[in-house]
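# What the coordinates show
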Amino acid sequence: MPAAGGEPLSEPAHPRLALRTSLARLSVRPRSILLLSLVPLLALVLGVVGWLLDWRLGVDSAVYRAGAITLLHGEPLYDANTLPPEPWWALLPFTYPPTAALLFVPLAILPVQIAWGVLTAISVLAMALVVRVAIGSLPTPPAVRRWWSSPARATLLFSLVMLGLEPVWRTIFLGQINLILMAVVVVDVLVVTTRNTRWGGVLVGIASAVKLTPLVFVAHLFLTGRRREAFRAFGVFLGLQLLMLALIPGDTIRYWTKTISDTGRIGPVHWAGNQSLNGLMNRLTDLAPWASKAALGVAALLAIPAVWLMLRFHRRGQALAALLVTAFFGLLASPISWSHHWVWAVPLIVLLVSRLPQATLANAWKRWVATGAVVAVFISCVLLALPNGRNIELHWKFWQTVLGNAYILTPLVLTVVLLTRWALQRRRERARDDVAVPG
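Since we're looking at a predicted model, the values are computed, not measured.

## Thoughts on the overall build of the protein
Along its length, the protein carries 21 helices and zero strands. Long-range pairs, those at least 24 residues apart, make up 71% of the contacts in the protein with a sequence separation of at least 6. Only carbon and sulfur atoms are counted for the fraction: they give 68% of the accessible area of the protein, which is about 21400 Å².

## A word on the nonpolar core
In a soluble, globular protein the nonpolar side chains are often hidden away together inside. Grouped together as the largest cluster of nonpolar side chains are 105 residues, with contacts concentrated most on Phe-94, Phe-104 and Trp-344. Once residues within four sequence positions are removed from consideration, Phe-94 is found in contact with Val-63, Tyr-64, Gly-67, Leu-77, Tyr-78, Leu-83, Ala-100, Ala-101, Phe-104 and Arg-265.

## A short note on helix α12 (residues 227-247)
Here α12 spans 30 Å end to end across 21 residues, near enough to the 30 Å set by a 1.5 Å rise per residue. Within α12, the full set of buried residues consists of Glu-229, Ala-230, Ala-233, Phe-237, Leu-240, Gln-241 and Met-244. Down the axis of α12, the buried side of the element spans an arc of 120°, and every buried residue falls inside it. Residues of α12 that are exposed and point more than 90 degrees away from the buried face comprise Arg-228, Phe-231, Leu-242 and Ala-246. Taken together, the buried residues of α12 touch α3 (59-72), α4 (98-103), α10 (202-210), α11 (216-223) and α13 (249-257).

## A few points about the packing of helix α9 (residues 178-192) against α10
Put simply, α9 and α10 touch, their axes get as near as 8 Å, and they point 155° apart. Here α9 is positioned roughly antiparallel relative to α10, judged by the angle of their axes. At the point where α9 passes α10, the crossing takes the left-handed sense. Contacts from Leu-181, Val-184, Val-185, Val-187, Asp-188 and Val-189 of α9 reach α10 at Val-202, Leu-203, Val-204, Ala-207 and Val-210. Across the contact of α9 with α10, the residue classes break down as 10 nonpolar, no polar and one charged.

## Details of the pattern of salt bridges
For the structure shown, the criterion picks out two salt bridges. A salt bridge links Asp-79 to Arg-254, with the shortest nitrogen-to-oxygen separation between them at 3.5 Å. With Asp-79 in the loop between α3 and α4 and Arg-254 in helix α13, this residue pair connects regions lying 175 residues apart in the sequence. Residue class for Arg-254 comes out partly exposed when judged on its relative accessible area of 28%. Between Arg-170 and Glu-166 there is a salt bridge; the shortest N-O distance is 2.7 Å. Of this pair, Arg-170 and Glu-166 are both found in helix α8 (residues 166-174), four residues apart, which corresponds to roughly one turn of the helix. Classification of Arg-170 by relative accessible area gives buried; the value is 16%.

## Looking at unusual backbone geometry
Non-glycine residue Arg-390 carries a positive phi angle of around 55°. Following the sequence through the fold, Arg-390 ends up in the loop between α19 (382-385) and α20 (398-404). By relative accessible area, Arg-390 is classed as exposed at 85%.

## Side note on empty space enclosed by the protein
One pass over the full model with this rule turns up two cavities of 30 Å³ or more. In this model, the largest cavity occupies a volume close to 80 Å³. Lining of the largest cavity is provided by Leu-35, Leu-36, Val-39, Pro-40, Val-124, Leu-156, Ser-159, Leu-160 and Leu-163. Broken down by secondary-structure element, the contributors of at least two residues to the lining of the largest cavity are α2 (30-53) and α7 (151-161). Ranked by residues supplied to the lining of the largest cavity, first place goes to α2 with four residues. Its residues assigned to classes, the lining of the largest cavity comprises eight nonpolar, one polar and no charged.

## Here we look at the packing of aromatic side chains
Within this structure, the stated rule accounts for 18 aromatic pairs. Ring geometry for Trp-308 and Trp-422: centres 5.9 Å apart, planes at 65°, overall edge-to-face. Residue Trp-308 is located in helix α15 (residues 291-315), and its partner Trp-422 is located in helix α21 (residues 406-436); the two are separated by 114 residues in the primary sequence. Judged by relative accessible area, which is 8%, Trp-422 ranks as buried. Here the aromatic residues Tyr-64, Tyr-78, Phe-94, Tyr-96, Phe-104, Phe-234, Phe-237, Tyr-255 and Trp-256 are joined through ring pairs into a cluster of three or more. One Lys or Arg, Arg-227, reaches over the ring of Phe-222 and ends 4.6 Å from the middle of that ring.

## Here's the deal with the packing of helix α14 (residues 277-284) against α15
Two elements in contact, α14 and α15, have axes whose closest approach is 8 Å; the angle formed by their N-to-C orientations is 135°. Relative to α15, the element α14 lies oblique. Remark: the crossing between α14 and α15 carries right-handed chirality. Contacts from Leu-277, Asn-278, Met-281 and Asn-282 of α14 reach α15 at Ala-291, Ser-292, Ala-294, Ala-295, Val-298, Ala-299 and Leu-302.

## Some words on the confidence of the model for the protein
Averaged over every residue, the pLDDT of the protein is 89; the share at 70 or more is 88%. Here residues 1-15 is a poorly scored stretch, pLDDT under 50, and it has 35 contacts once near neighbours within four places are set aside; other chains count.

## Observations concerning the side chain of Asn-274
Examined against the element boundaries, Asn-274 turns out to sit in the loop between α13 and α14. Within the structure, the side chain of Asn-274 is placed 3.0 Å from the side chain of Ser-276, a separation counted as a polar contact.

Cut-off values and rules
- Residues numbered from 1 in each chain as written.
- Predicted model: local features only at pLDDT ≥ 70, side-chain atom pairs only at ≥ 80, totals over all residues.
- Heavy atoms only, no water.
- Helix = DSSP H or I, 4+ residues; strand = E, 2+ residues; numbered from the N terminus.
- Contact = heavy atoms within 4.5 Å.
- Areas by Shrake-Rupley, 256 points an atom, 1.4 Å probe, with all protein chains shown as cover.
- Core = buried A, V, L, I, M, F, W, Y, C linked by side-chain atoms within 4.5 Å.
- Buried < 20%, exposed > 50% of the residue type's maximum accessible area, 1.4 Å probe, protein only.
- Expected span 1.5 Å × (residues − 1).
- Arc of directions from axis to C-beta.
- Axes fitted to C-alpha atoms, helices over the stretch in contact; angles between N-to-C directions.
- Parallel < 35°, antiparallel > 145°, perpendicular 65-115°, else oblique.
- Left-handed = near helix turned anticlockwise from the far one by under 90°.
- Nonpolar A, V, L, I, M, F, W, Y, C, P; charged D, E, K, R; others polar.
- Salt bridge = Lys/Arg side-chain N within 4 Å of Asp/Glu carboxyl O.
- 1 Å grid on protein atoms, 1.4 Å probe; cavity = no way out; pocket = protein on both sides within 12 Å on 5 of 7 lines; lining within 4 Å.
- Points joined across faces, edges and corners; volume = space filled by probe spheres on them.
- Phe/Tyr/Trp six-rings, centres within 6.5 Å; stacked < 30°, edge-to-face > 60°.
- Lys NZ or Arg CZ within 6 Å of the ring centre and 35° of its normal.
- pLDDT = per-residue confidence, 0-100.
- Polar contact = N/O pair within 3.5 Å; in protein donor to acceptor, adjacent residues only side chain to side chain.

Here you go:
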């Protein structure tokens, strides 16, 4: 199917990932099942112990649960900055769309701490699923694939190591759903939609209904030629909003007319934890009234190279890299991208590590440095080490500003490096052509 510019888009060159086959192989490996289940089981145990000892586990998961209970009781979700069922240590506003409260209903039957344990267990398994799909989506030749030994072993190793990334452990600590939503999107885009089934796009639509930021992947599906899946995803998203309009019309109308634009309910946009262009511009301009509009303008400009880069990867059969371009652009363009939203670092690191064996002696050190730098950014907890809160970010020194926006700078620097490398390659190819042609 042609893209916007009329150039036909090619399908990924790698073989389809067979999740059923992977699960069947895993089922006959009890040691692998034990290792994969260890952390989720530990989370469930901690949830039960926390419930018995009244620990403060999962601030955000407590808000999810409170939103579900509030919905079931027929009480308003957005009238106040707190919800009655919230514990005293998690008094926060419910900022998600009404659909999220509906999908959080299963948490309502669980105590607060056990709800955190269940979400954590699902999140860890979801991250392992993302790693496995990412490995299966790598368009690497068979000779290079031997370096991984086996996808199952690589999945277990990556899943354990990735727990040390700040976005991952913070997501788990808060009881957030970022890892789950990422898994839903990855499975839909890289697995389901590649099989031309009637379910392609459905999961992206559901994820968008829970948290609006996955809507960027509807555009990803459309631009990569999967337009039926894109329309299906948006249709699912719109259908869920209409369902909530029928169930709770007051809350639904209030959310889409007032709450959605009230960023104050989410938190201060200039806080260091907001790793988006909006947060960056507000920090740099000392909360200038035009800062957010300037951030939108910068995002619109970045959309041009982002779409070009995404389509280039897609045409070359690199579906995972194309998806990551869209994901990181969405993080940059979103008004609020807390540090725990950056769990997309997980498949990015998988992709970067997979390219290390392909390096020649001339560029091996460059790839090792790039991969090490990305891992260092997301594992260093640099955002926690810097002084932040109470407007301190507005008075950062230059080096603090650089470190305090490390997440934002990572995809930007990687993009500049890629564009520069491709430009140099193209110049060398032209030079060789000029030498080869007489005169």
